[in-house]
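The lines below spell out each chain.
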Amino acid sequence: MLDLKLIRSNPDRVREGLRKRGAEVSLSELLSLDQERRSVLVELESLKNKRNTVSKEVGRLKAAKEDASILINEMRQVNEEIRNLDEKVRLIEEKIGEKLLTLPNLPHESVPEGVDDSYNLEVRRWGEPRQFSFKPLPHWDIGENLDILDFERGAKISGARFTVLKGMGARLERALVNFMLDLHINEHGYTEVFPPYLVNADSMLGTGQLPKFAEDMFKVDPQGYYLIPTAEVPVTNLHREEILKSEDLPIKYVAYSACFRAEAGAAGRDTRGLIRQHQFNKVELVKFTTPETSYTEHEKLVRDAEAVLQKLGLPYRVILLSSGDMGFGAAKCYDLEVWLPSFNMYREISSCSNYESFQARRANIKYRPTPDAKPEFVHTLNGSGVAIGRTVAAILENYQEADGSVRIPEVLIPYMGGLERIQAKK
RNA sequence: GGAGAGAUGGCUGAGUGGUCGAAAGCGCCCGCCUCGAAAGCGGGUAGGGGUGUUGAGCCCCUCGCGAGUUCAAAUCUCGCUCUCUCCGCCA
């Protein structure tokens, strides 16, 4: 959510930022609602002031056994007006709120301007895509040949975009979760969190999934819970409605969770394999920082996510997203894209965003810069560290051998109970 | 699921209709004292909004949330949420 005071005092700057994102939004309605609200409020508050003053006078008169009926009758009139104006303000504020909640964040000055992903910038590359002496198979073929991925039965028991992991496939999934958690906890200083997978609507509003993207999520009837699309939601909302101590910042959490996405707008895309599933696992990094440090922390967060791919020996590149390609709430976002041989291209495996105060304002997460200063909004950041399903796909494809087996990356062998290679059963 | 109790400021905890945004204690901040600290003493210490000579003052709202009664609600009524205790059920 954007700061209404910023919109009021600097509408041109806001318009410019929204334009860069390709958001065609008029601020004039919002600005006039804001103006109207404040003028009604002046009138309303003076009436309430009158009521408060007179009520005290009534109390005094009654205590002195004097007649107060004139004042009481007068207040009946005033109360009628207050009721009307209260309702008026409530309606205006409702409209303002709706409007504010649908405005995307403004891009940071370092974000390349552009309408779509063709304006994204490649920041750096790591690792060399391997040269194969045979035609590399897509991971779904590898997985089925090894009997570790079962797409058919996933579809039978649930539907399209659900997969069953079996044997060493399930073990690999679990190994990756543990490897990534250990790395971020032990080497990068994050605190482990295991959150609920079902959250309420307030949480979804806080991180920006609601109200605009309801169709992307699974909702549980009739209780009204939402299945989390990412651990970002419960973990960021951990500190909703809180004022944090500045000496505790930055707060760094790492959370493993399953993620659930309706993929409403992706019909027909990535229908095969593990790339786009309704349910997948992810290790997520979340930070709460001061405004002064958020961009340094953002760079560090990206490096923390990169470390996962480096240790796994998976070639990747880092992409700085253009203003038009970023998610709704991000001020700046890097994607990590891992090399997938069968696609002969890099595919997104992590997205690391600085939300600045966008989520903090929605979720009301503040901190006190100094012990007696007024609370200010924190900056929130998050990034995948990294998506597990896509990592499984990347390992199967990058580590496949001509005989159909798959080598296990060095760092994972201890997590695989010493197994060095997944082979088909005879 | 049944029965009961409760929800007040960073914390503990008073407050059952009229200067209560709220006693007291703890914590925290500033000052005095001290070489320094502790103790002691004095003062300060919620959040949001409006106005404005833009952080001086003034005003409005908030005592879990939402309605209601009243000239006036932390205090009365109703609904909801959450917490705790006991019983039942259960991974």
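Residues numbered from 1 in each chain as written. Chains lettered and ligands numbered in written order. Predicted model: local features only at pLDDT ≥ 70, side-chain atom pairs only at ≥ 80, totals over all residues. Heavy atoms only, no water.

**Q** Got a minute to help me understand the overall build of chain A in this structure?
**A** Broken down by element type, chain A carries 12 helices and 18 strands. Structurally, chain A occupies a C-alpha span of about 100 × 45 × 40 Å along its principal axes. Here chain A holds 426 residues, and the buried ones make up 49% of them. Nonlocal contacts in chain A, meaning residues at least 24 apart in sequence, comprise 74% of its contacts between residues at least 6 apart. About 20900 Å² of surface is accessible on chain A, with carbon and sulfur atoms providing 48% of the total. Placing the 59 positive and 64 negative side-chain charges of chain A at their respective mean positions leaves the two points 2 Å apart. (Helix = DSSP H or I, 4+ residues; strand = E, 2+ residues; numbered from the N terminus. Buried < 20%, exposed > 50% of the residue type's maximum accessible area, 1.4 Å probe, protein only. Contact = heavy atoms within 4.5 Å. Areas by Shrake-Rupley, 256 points an atom, 1.4 Å probe, with all protein chains shown as cover. Lys, Arg positive; Asp, Glu negative; His and termini not counted. Charge placed at Lys NZ, Arg CZ, Asp CG, Glu CD.)

**Q** I would appreciate a short explanation of the side chain of R21 in the present structure.
**A** Along the polypeptide, R21 turns up in the loop between α2 (11–20) and α3 (28–63). Despite being buried, R21 has no salt bridge partner; D325 is the closest side chain of opposite charge, sitting 8.9 Å away. From its side chain, R21 meets the backbone oxygen of G327 in a polar contact 2.7 Å long. With sequence-adjacent residues up to four places away left out, R21 is seen in contact with P104, N105, P107, S323, G324, M326, G327, F328 and A330. (Salt bridge = Lys/Arg side-chain N within 4 Å of Asp/Glu carboxyl O. Polar contact = N/O pair within 3.5 Å; in protein donor to acceptor, adjacent residues only side chain to side chain.)

**Q** Is there a simple way to explain the packing of α3 against helix α4 (residues 69–102) in this structure?
**A** Axis angle and axis distance: for two packed helices, these are the angle between their axes and the distance between the axes, and together they describe the pair. Viewed as axis vectors pointing N to C, α3 and α4 meet at an angle of 150°, and their least axial separation amounts to 8 Å. In this view, α3 runs roughly antiparallel relative to α4, as classed from their interaxial angle. As for the relative orientation of α3 and α4, their crossing is left-handed in sense. Residue composition of the contact of α3 with α4, grouped by class: 19 nonpolar, one polar and 17 charged. (Axes fitted to C-alpha atoms, helices over the stretch in contact; angles between N-to-C directions. Parallel < 35°, antiparallel > 145°, perpendicular 65-115°, else oblique. Left-handed = near helix turned anticlockwise from the far one by under 90°. Nonpolar A, V, L, I, M, F, W, Y, C, P; charged D, E, K, R; others polar.)

**Q** Quick question: what am I supposed to make of the sheet that holds strand β5 (residues 198–199) here?
**A** Each strand in a sheet pairs with its neighbour through backbone hydrogen bonds, running either in the same direction (parallel) or in the opposite one (antiparallel). Spatial ordering of the open sheet is given by β5-β7-β6, a layout of three strands whose pairing is antiparallel. Because the sheet does not close on itself, it has two edges, and the strands there are β5 and β6 (219–220). One ladder, built from two bridges, connects β6 with strand β7 (residues 225–227); its direction is antiparallel. Residue pairing in the sheet places K219 in a bridge with Y226 of β7. (Pairing = 2+ DSSP bridges.)

**Q** What should I look at first to understand the pattern of salt bridges in this one?
**A** It is possible for side chains bearing opposite charge to pair when their charged atoms get close. The full count for this structure, using the stated rule, is 29 salt bridges. Between D34 and R38 there is a salt bridge, with the nearest N and O atoms lying 3.5 Å from each other. Of this pair, D34 and R38 are both found in helix α3, four residues apart, which corresponds to roughly one turn of the helix. Using a relative accessible area of 0% as the deciding quantity, one classes D34 as buried. Between R276 and E263 there is a salt bridge, with the nearest N and O atoms lying 3.2 Å from each other. In this pair, R276 is assigned in the loop between β9 (251–260) and β10 (279–289) and E263 in the loop between β9 and β10, connecting sequence segments 13 residues apart. Accessibility expressed as a relative area gives 12% for R276, which makes it buried. For E263, a relative accessible area of 18% corresponds to the buried category. Overlapping salt bridges bring together E122, R125, R317 and E337 as one network.

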